Amino acid sequence: MNSFLEQNASLLLEDPELAAAFQNIMKFEKYPKHHILHEAGKVCSYMYVITSGIARIFYFKEDKDVTVHISAEQETVTAIDSFIQRKKSKYTIEALEDLEVLRIAHADLENLFEINPKFERFGRFFLQQIYIELVERIDDLQLHTAQERYEILLDKKPYLFKRVSAKHIASFLGMTPETFSRIRAK
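Computed from a prediction, not measured in an experiment: that's the story for all the values here.

Engineer: Mind showing me how you'd approach the pattern of salt bridges here?
Structural biologist: Side-chain pairing between opposite charges can occur once the charged atoms of the two side chains come close. For the coordinates displayed, the defined rule picks out ten salt bridges. In this structure, Glu 29 and Lys 27 form a salt bridge, with 2.7 Å as the shortest nitrogen-oxygen distance. Its relative accessible area of 14% is what places Glu 29 among the buried residues. Since its relative accessible area comes to 46%, Lys 27 is described here as partly exposed. Here Glu 94 ties to Arg 56 by a salt bridge, and the two come within 2.8 Å at their closest N and O atoms. Taken together, the residues Glu 94 in strand E7 (residues 92-95) and Arg 56 in strand E4 (residues 55-61) connect sequence positions 38 residues apart.

Engineer: For this particular structure, what's the right way to read the nonpolar core?
Structural biologist: In terms of nonpolar packing, the biggest core is built from 17 residues, with Ile 169, Leu 173 and Phe 180 touching the most fellow members. Not counting residues up to four positions away in its chain, the partners in contact with Phe 180 are Tyr 150, Phe 161, Ala 166, Ile 169, Ala 170, Leu 173 and Met 175.

Engineer: I keep staring at the sheet that holds strand E1 (residues 26-31) and nothing clicks. Help me out?
Structural biologist: In a beta sheet, neighbouring strands are held together by backbone hydrogen bonds and run either parallel or antiparallel to one another. Pairing is antiparallel across the open sheet formed by four strands, whose spatial order is E1-E8-E3-E6. The sheet is open, and its two edges are formed by E1 and strand E6 (76-77), each paired on a single side. In the sheet, strand E3 (residues 46-52) pairs with strand E8 (residues 99-105) via six bridges, with the strands oriented antiparallel. The residue bridging Ser 52 from the neighbouring strand is Glu 100, located in E8. Contacting E3 and E8, helix H4 (residues 106-115) runs over the sheet at an angle of about 55° to E8.

The rules behind the values
- Throughout, a residue's number is its position along its own chain's written sequence, starting from 1.
- Two thresholds apply to this predicted model, a pLDDT of at least 70 for residue-level local features and 80 or more for giving and counting side-chain atom pairs, whereas whole-chain, interface and lining totals are computed over all residues.
- Calculated side-chain values reflect all of the structure's heavy atoms, with hydrogen atoms and water omitted.
- Any carboxyl oxygen of Asp or Glu within 4 Å of a side-chain nitrogen of Lys or Arg constitutes a salt bridge here.
- Exposed residues in this analysis have more than 50% of their type's maximum accessible area, buried residues have under 20%, and partly exposed residues fall in between, with area computed by a 1.4 Å probe over protein chains only.
- Note on conventions: DSSP H or I runs of at least 4 residues are helices, E runs of at least 2 residues are strands, and numbering of each starts at the N terminus.
- Only buried residues count toward a nonpolar core. Its members are Ala, Val, Leu, Ile, Met, Phe, Trp, Tyr and Cys residues joined through side-chain atoms within 4.5 Å.
- What makes two residues a contact is simply this: any of their non-hydrogen atoms within 4.5 Å.
- By this definition, two strands are paired if DSSP reports at least two bridges between them.
- Lines fitted to C-alpha atoms define the axes here, with helix axes fitted over just the stretch in contact, and angles between the N-to-C directions of these axes take values from 0 to 180 degrees.

Interpretation note: all reported values are geometric properties and have no functional meaning in isolation.
Written out as structure tokens, the structure is:
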């Protein structure tokens, strides 16, 4: 998974107007570990670009929390269902470490896209990236064994295994903590 800033840095660097416009709508924020950035049942009005720390997106199913996404430095995090559709989200976003983020309001982003087609193109690239990540995630869950999913994540994002609790990683990989622990022991 390529990071938001790496993927989009070239676009921003090539275009000072675009870079300046984004700087104008980004607000630097700090949140402590365990802070809830977005709560399920509410409309998500912000997208966050993480500059330091890790956050996870999860939902509750039969009293268990299920981690669906983990984002770290240079990646974005938002309740995408709600952010795009402007409806209440089933997802909660939690800081797993102290977080430093660039916060972008939905309304500011929409205004930016309306001002200039070049900004809208940037938004389209960004959405394409999210779509590709979702397709890869579905493929991982449907086409790979638990062992393979573990190895893929270990290969792509080894730092998560040092910074995120085993229960959250197990949940993200779609396995029980017991299976995760067995695979990890190998």
